[in-house]
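# Per-entry structural report
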Amino acid sequence: MTQPTTTSAALPDVSGYRLVPERHWGRWAAVAIIAVLLAGLARAFAVGDIEWNYVGEFFTAPAIMQGLVNTIWMSIAAMALGIALGVGTAIMRMSPNPVLQGVAMGYTWLFRGTPVILQLLLWFNLALVFPTVGFGDWSMRTVDVMTPMLAALLGLGINQGAYTSEVVRAGMLSVDIGQYEAAKSIGMTRMKSLRRIVLPQAMRVIIPPLGNEFIGMVKLTSLASVIQFAEILHASQNIYYANSRVIELLIVAAIWYLIIVSILTPLQMLLERRFARGTGGSR
Amino acid sequence: MSNAPLVSIVKVEKHFGSFHALKSVSLDVHAGEVLCIIGASGSGKTTLLRCINQLVQPDGGAIWVDGDLTGHRIQGHSLHPLSEAEIARQRLSTGMVFQRFNLFPHMTALENIIEGPVQVLGRPRRECEAEARALLERVGLAHKADAYPANLSGGQQQRVAIARALAMKPKLMLFDEPTSALDPELVGEVLAVMKELARSGMTMIVVTHELGFAREVADRVVFMDHGSIVESGTAAEVLGSPRETRTQAFLSAVLS
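The notes below deal with the structure included here. (Residues numbered from 1 in each chain as written. Chains lettered and ligands numbered in written order. Predicted model: local features only at pLDDT ≥ 70, side-chain atom pairs only at ≥ 80, totals over all residues. Heavy atoms only, no water.)

What follows deals with the packing of aromatic side chains. With the rule as written, the count across this model stands at 6 aromatic pairs over all chains. A ring pair is formed by Y240(A) and Y241(A), whose centres lie 5.4 Å apart and whose planes are at 75 degrees; its orientation type is edge-to-face. Ring geometry for F223(B) against F250(B): centres 5.1 Å apart, planes inclined by 35 degrees, an arrangement best described as tilted. Taken together, the residues F223(B) in strand 11 (residues 220-225) and F250(B) in helix 9 (residues 245-255) connect sequence positions 27 residues apart. The ring centre of F275(A) lies 5.5 Å from the NZ or CZ of R274(A), which sits over that ring. In this structure, R164(B) packs its charged tip against the face of F104(B), placed 4.5 Å from the ring centre. (Phe/Tyr/Trp six-rings, centres within 6.5 Å; stacked < 30°, edge-to-face > 60°. Helix = DSSP H or I, 4+ residues; strand = E, 2+ residues; numbered from the N terminus. Lys NZ or Arg CZ within 6 Å of the ring centre and 35° of its normal.)

Now for the interface of chain B and chain A. Interface size is commonly expressed as the accessible area that is lost once the parts come together. Contact residues are listed per partner, giving 25 residues for chain B and 21 residues for chain A. Summing both partners gives a buried area of about 2100 Å² for chain B against chain A, and 56% of it is carried by carbon and sulfur. Contact with chain A buries surface across chain B, with F104(B), H106(B) and Q119(B) losing the most and accounting together for 26% of the total. Run the count over chain B and chain A and you get 2 salt bridges. The interface formed by chain B and chain A holds 7 residue pairs in polar contact (both at pLDDT 80 or more) in total. Looking at the side of chain B that touches chain A, the elements that each hand over two or more residues are helix 2 (84-90), strand 8 (94-97) and helix 3 (109-120) of chain B. Take the side of chain B that touches chain A: its biggest share by element is 4 residues, from helix 3 of chain B. (Contact = heavy atoms within 4.5 Å. Buried area = accessible area lost by both parts, 1.4 Å probe. Salt bridge = Lys/Arg side-chain N within 4 Å of Asp/Glu carboxyl O. Polar contact = N/O pair within 3.5 Å; in protein donor to acceptor, adjacent residues only side chain to side chain.)

Turning our eyes to something else, we now look at a nonpolar patch on the surface. Residue and element names in this part refer to chain A. Nonpolar side chains collect at one region of the surface, where I34, L38, L41, F45 and W52 lie side by side and expose about 510 Å² of accessible area between them. Examining the composition of the nonpolar patch, we find that 4 residues originate from one element, helix 1 (residues 25-47), more than from any other. In this structure, I34 sits in helix 1. Its relative accessible area of 47% is what places I34 among the partly exposed residues. (Patch = residues over 30% accessible without salt bridge, like charges linked within 9 Å, V, L, I, M, F, W, Y side chains within 5 Å. Areas by Shrake-Rupley, 256 points an atom, 1.4 Å probe, with all protein chains shown as cover. Buried < 20%, exposed > 50% of the residue type's maximum accessible area, 1.4 Å probe, protein only.)

What follows covers unusual backbone geometry. Despite not being glycine, Q228(A) shows a phi value in the positive range, around 70 degrees. Following the sequence through the fold, Q228(A) ends up in the loop between helix 9 (190-220) and helix 10 (232-243). Exposure remark for Q228(A): the relative accessible area of 47% places this residue in the partly exposed category. Unlike most non-glycine residues, N102(B) shows phi in positive territory, near 55 degrees. Considering the arrangement of structural elements, one finds N102(B) in the loop between strand 8 and helix 3.

Set out below in structure tokens:
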């Protein structure tokens, strides 16, 4: 006969009792309140002075479509430029060379220190400073080179690089010092160890904030409307200057922004999973 | 001695701020020799080991590995610092095993081992993979080739780390307290791999607290204290009948 593990013969045996699930009364109350508020909001917009048929009509208008394409590719191009500059700047900032460190810190200071809309205006009006650009005998008028598109790309991309460099630097700092030493011990130079060992591990830390920055960039492109870059907000404004359907066209632009951002979020999750290799599942 | 030592450490000095980590340390290690360095933490033994493969650059003195002065090039009667790439090339003659394993977590065991041969030596991947599988077999982990470090035990990770260092075909292996971060039941499997390596004729410098290992495997044992070599001799001499009172004090503290 085995010894009983407890001596609590006087306590009731609860092994046969029914398990009652926890009731979340507060949640149901909150859902009810939110539903009422949303219904009120929907009604306000439905009976408000919005001609919804204009939203439908202009949603896929050619000018809006062109603006959408411009918004998307400018976001990608400016972000690519920002990532390239950011990685380079972070590597310079982490280098043992004080000159490179100083250049990196100066760049970050300058471009984080001024509003991006001001930077866009400066690039666009570069012709006021340098009427011509070129090398040696070859030169062009700056106004011909510095199109709204190029000004937007430079303004948004270079500004983004300053922010991205700090994100990349945080990622590099998150990698254990032992990884740098192990890379050195198998004969790797600094650049090779960064490329093969440190940056792939830093990506896991870098991607969530970078996804955030990319979503920010999609919306930041709207600032380029002030320098006549034909992105989606600029396209919407051009239409409402003509037909005065201000709110309807702003709603068109808003819906498109929401669609782009909604597509980006799952893409970010896929990337995160890709760089979580070796960490025992996605975290 | 007829042949020159593989490692020649001559009056090496190292300061970390006001801390004098190495005080005029001199030591020769010959090819095929297994040298164990023992001593309390802070005695400078790990710093000495890291100076040999230039993870730490000494402030004074000289270290010669395989006939090359480390860290500097001799021109006439002056020493010129080597470039980063030249230092990386010098490191190829030494392999290092770390206390905390330092495997690359984003690579499988096999990828960890072929990383150096493929990326640094530029050798064909297929050939390196075959060699890596042979090395995994040698450390008893042939079945773990595709496992990531996170899915290996500490002892298995350290054995992969030894294989990764061996894949570069070094002339000298440095071990920095290779079993200190391991659970007690995993120490044996790592020491067994190291014993096999010692028997195969590899030159090894081992910083360790495993006195049993030192007694069994070491050709020579060096005791360090406060940045200096206090006593050096065979394992029987240094561990069995130490002459210096500081060695006696250390051993009685460790063994009690």
